[in-house]
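Structural overview for review
This is what each chain is made of:
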Amino acid sequence: MTKGLKIRKSGRVVFDSTLAVGGVCLGIVAITGTASVYSFPAFSTGHTPIVLFSDGAVRSTWQYDEVMGYPRFTFPATAVAPNTRTSAGIYLK
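Figured I'd write up the structure that's included with this text. (Residues numbered from 1 in each chain as written. Predicted model: local features only at pLDDT ≥ 70, side-chain atom pairs only at ≥ 80, totals over all residues. Heavy atoms only, no water.)

**Concerning unusual backbone geometry**
With a phi close to 55°, serine 10 is a non-glycine residue in the positive phi region. Mapped onto the secondary structure, serine 10 falls in the loop between β1 (6–9) and β2 (12–16). Under the relative-accessibility criterion, serine 10 is labelled exposed at 78%. (Helix = DSSP H or I, 4+ residues; strand = E, 2+ residues; numbered from the N terminus. Buried < 20%, exposed > 50% of the residue type's maximum accessible area, 1.4 Å probe, protein only.)

**Some thoughts on the pairing of strand β7 (residues 72–75)**
Only one face of β7 is covered, namely the face carrying Phe73 and Phe75; the face carrying Arg72 and Thr74 is uncovered. With 3 bridges joining them, strand β6 (residues 63–65) and β7 adopt antiparallel strand pairing. The partner of glutamine 63 across the bridge, within β7, is threonine 74. Connecting β6 to the antiparallel partner β7 that follows it, the hairpin turn spans 6 residues, and glycine 69 within it adopts a positive phi of roughly 95°. (Pairing = 2+ DSSP bridges.)

What follows is the structure, given as structure tokens:
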């Protein structure tokens with residue numbers, strides 16, 4: 001039996017770690033509704049950014065740039081219920 005992580009949204013698989021290739025996880029971050037910026041100056045540019053939310057839903061319209069010469073992910077403030085809290089994995093492929 002293959003072991004891995006599958007994230008589903010409404011019964012549809014939106015991520016399957018057994019099919020993922022060539023990516024590196026930069027971190028797991030909390031998505032709380034407040035604006036956040038995550039920068040990774042130790043990493044080079046030219047990669048494909050990937051953000052996976054733990055519940056399979058897109059909780060924020062994140063943005064990615066390399067303007068500073070390194071990867072930077074920006075999560076704007078969003079309107080969420082006070083008790084709503086989820087996490088997201090930030091990856092580069």
